[in-house]
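Summary of structural features
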Amino acid sequence: MLFESLSLIEPILKALQEEGYTVPTPIQSQSIPLVLQGNDLLGCAQTGTGKTAAFAIPILQLLSANKTYDKKKKVRSLIITPTRELAVQIGESFRAYGRHTGLTCTVIFGGVNQNPQTAALRAGVDIVIATPGRLLDLMNQGHLTLRDVEIFVLDEADRMLDMGFIHDVKKMLTALPKKRQSLFFSATMPPEIVKLASTILQNPSKVSVTPVSSTVDIIKQCVYFVDKGNKNDLLIDILKDKNIKTALVFTRTKHGADKVVKVLLKHNIKTEAIHGNKSQNARQRALTNFKEQTTRILVATDIAARGIDVDDLEYVINYEMSNIAETYVHRIGRTGRAGAKGTAISFCDAEEKEYLRDVEKLIAKKIPVIENHAFPLMDHNPVKAPKQQQGRRNFRTNDSSAGRTGHQGPKPTGNNGQKKWFGKPKASR
Ligand code: AMP
């Protein structure tokens, strides 16, 4: 199926062509006709499936078909999404697909000066994309009203709940007109999400695409067992591969992210971090530099990385395994988007083996192990150091089987310096 067969108007088809889109993704081919017919929609889909265009394209078409000729534009469509990064990306998508329609949009999120946002609202916009907190704030200050909203989208509903936005969302719902079209998207559908959806949607059509595990299937995955203290060296070794033009590296903590940046910069690898301690502007700048490939490596924590969408991102590196298995899926879902190539490399130290087991259970497959590499795991059973010793990395007291004792010793020498990371994956360990 091609976009041409979805009865889209010429200005949108032209923009899609300019974007290089020809074939709709499954969520798009299912959702677009339903939304164009005016149905409410319950979509089970995660980012990476082409979900944004699945709602942005029909919204642009519906708003274009019923152009209003008021002197001042009214907010006719509202999209609520949990993070600033997602909001910015959705805004970029609306601008891209709607560039020939004459419709305008603006993005509203917290953590930055509100003046540019209120100025845009004063000038009048057709579409607002917002995070809940700042939106309510601006509503309370009288900078916008939702009474003219014709199409409402709640995006990433499950994350919205996880992040504690439920009350803000409920407050906002009361400000929307009863007569409206509503679209609701969530990657998962636990009972509380189904309940929330039922309060928003009327007689919705349902679409569901790519459950988590099948998205994971298209991404080439591998794991390196490595001692915690050798992860930096392994990362530098892997990044000697010039085929890795850019990579998104995940750490568990902000502090960890900053440490990785320092190490890579020392090795002249252009790196920036994106995490909650950075200002919104710094985060956006880092993301733009990364997208433009002036920065080769972006180091991110999970919260900050939510919604990061970089076209053609081929490599995700899990510097640390997350203790939440679903996070692995979200992380590696940053690559291999909309059918592109994707590779996810994970570093796993002895203490993280249980996290790896959880991941493998969730995705129902074994992740191939790279066996032949320069920094193999030596410290298989580290005993957590008592409090006063916790500063020492890899402290270990009782593993004689691995042939190493004590804390961080000299690096293993076997295969040292040889690039083996795509060596011999082995399915079992
Ligand atoms: P999303 O799930 O909305 O975050 O989209 C994931 C990525 O797929 C984004 O980078 C989009 O630009 C891209 N994309 C969405 N739809 C298509 C399409 N039909 N053809 C090619 N790329 C697409």
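Let me begin by describing the structure that accompanies this report.

About the criteria used
- Residues numbered from 1 in each chain as written.
- Predicted model: local features only at pLDDT ≥ 70, side-chain atom pairs only at ≥ 80, totals over all residues.
- Heavy atoms only, no water.
- Helix = DSSP H or I, 4+ residues; strand = E, 2+ residues; numbered from the N terminus.
- Buried < 20%, exposed > 50% of the residue type's maximum accessible area, 1.4 Å probe, protein only.
- Areas by Shrake-Rupley, 256 points an atom, 1.4 Å probe, with all protein chains shown as cover.
- Core = buried A, V, L, I, M, F, W, Y, C linked by side-chain atoms within 4.5 Å.
- Phe/Tyr/Trp six-rings, centres within 6.5 Å; stacked < 30°, edge-to-face > 60°.
- Lys NZ or Arg CZ within 6 Å of the ring centre and 35° of its normal.
- Pairing = 2+ DSSP bridges.
- Axes fitted to C-alpha atoms, helices over the stretch in contact; angles between N-to-C directions.
- Contact = heavy atoms within 4.5 Å.
- Near = heavy atom within 4 Å.
- Polar contact = N/O pair within 3.5 Å; in protein donor to acceptor, adjacent residues only side chain to side chain.
- Nonpolar A, V, L, I, M, F, W, Y, C, P; charged D, E, K, R; others polar.
- Domains from an automatic or database assignment.
- Arc of directions from axis to C-beta.

Our focus in this paragraph is the overall build of the chain. Summing up its helical and strand segments, the chain has 16 helices and 15 strands in all. Taken over 429 residues, the chain has a buried fraction of 52%. Carbon and sulfur atoms make up 51% of the accessible area of the chain, which totals about 19,600 Å².

This part covers the nonpolar core. Soluble globular proteins tend to bury their nonpolar side chains together. With 40 residues, the main nonpolar core has L8, F55, I57, F94, I129 and L183 as its most contacted residues. Residue assignment for this core shows that the elements contributing at least two residues are α1 (10–19), α2 (26–36), α3 (51–65), α4 (84–97), β3 (105–108), β4 (127–130), β5 (151–154) and β6 (181–186). Considering each element in turn, this core owes the most residues, 9 residues, to α3.

Right, let's get into the packing of aromatic side chains. For the structure shown, the criterion picks out 6 aromatic pairs. With a centroid separation of 6.1 Å and an interplanar angle of 50 degrees, the aromatic rings of Y319 and F347 are classed as tilted. A residue pair is termed long-range when its members are at least 10 positions apart, and Y319 in the loop between β12 (315–318) and α15 (325–332) and F347 in strand β13 (residues 343–348) qualify at 28 residues. Residue class for Y319 comes out buried when judged on its relative accessible area of 10%. Given a relative accessible area of 0%, F347 falls into the buried group. Taken together, the ring pairs connect F3, Y21 and Y97 into an aromatic cluster. Above the ring of Y319, the side-chain terminus of K231 is found at 5.8 Å from the ring centroid. The residue whose ring lies beneath K353 is F225, and the NZ or CZ to ring-centre distance is 5.6 Å.

Quick look at the sheet that holds β4 now. On the basis of which strands lie adjacent, the open sheet formed by 7 strands has the order β3-β4-β2-β5-β6-β1-β7 and parallel pairing. Since the sheet does not close on itself, it has two edges, and those belong to β3 and β7 (205–208), each with one partner. Taking each pair of neighbouring strands and ignoring which way they run, the sheet shows an average axis angle of 15 degrees. When β5 meets β6, the two strands line up parallel, connected through 4 bridges. Among the inter-strand pairings, L154 is bridged to a residue of β6, identified as F184. This element, helix α9 (residues 191–200), spans β1 (41–44), β5 and β6 of the sheet and lies at about 170 degrees to β6.

By the criterion of burial, β13 is predominantly enclosed, with 6 of the 6 residues buried. Side-chain alternation along β13 places T343, I345 and F347 on one buried face and A344, S346 and C348 on a second face that is also buried. Both strand β8 (residues 220–225) and β13 contribute to a ladder of 6 bridges, which runs parallel. Within the sheet, the bridge partner assigned to Q221 lies in β13 and is A344. Relative to β13, β12 is paired through 4 bridges, and the arrangement is parallel. Opposite I317, over in β13, you have I345 as the bridge partner.

This part covers the site of the ligand. Taken together, 16 residues are adjacent to the ligand, and Y21, Q28, G48, T52 and D311 come closest. Between Y21 and the ligand, the recorded distance is 2.4 Å, taken from a side-chain N or O atom to an oxygen atom. G50 is positioned such that a nitrogen or oxygen atom in its backbone is 2.7 Å from an oxygen atom of the ligand. Isolated, the ligand exposes 500 Å² of accessible area, and the fraction of that covered by the protein chains is 86%. Here the residues of the shell around the ligand sort into 5 nonpolar, 7 polar and 4 charged. Here the shell around the ligand spans two domains, since at least three of its residues come from each of domain 1 (3–211 + 411–421) and domain 2 (219–387).

Looking now at helix α8 (residues 166–174). For α8, the full list of buried residues reads V169, M172 and L173. One side of α8 carries all its buried residues, which in axial view fall inside an arc of 105 degrees. Pointing more than 90 degrees away from the buried face of α8 are the exposed residues H167, K171 and T174. Those residues of α8 hidden inside the fold are in contact with β2 (77–80), α6 (132–140), β5, α7 (157–162) and α9.

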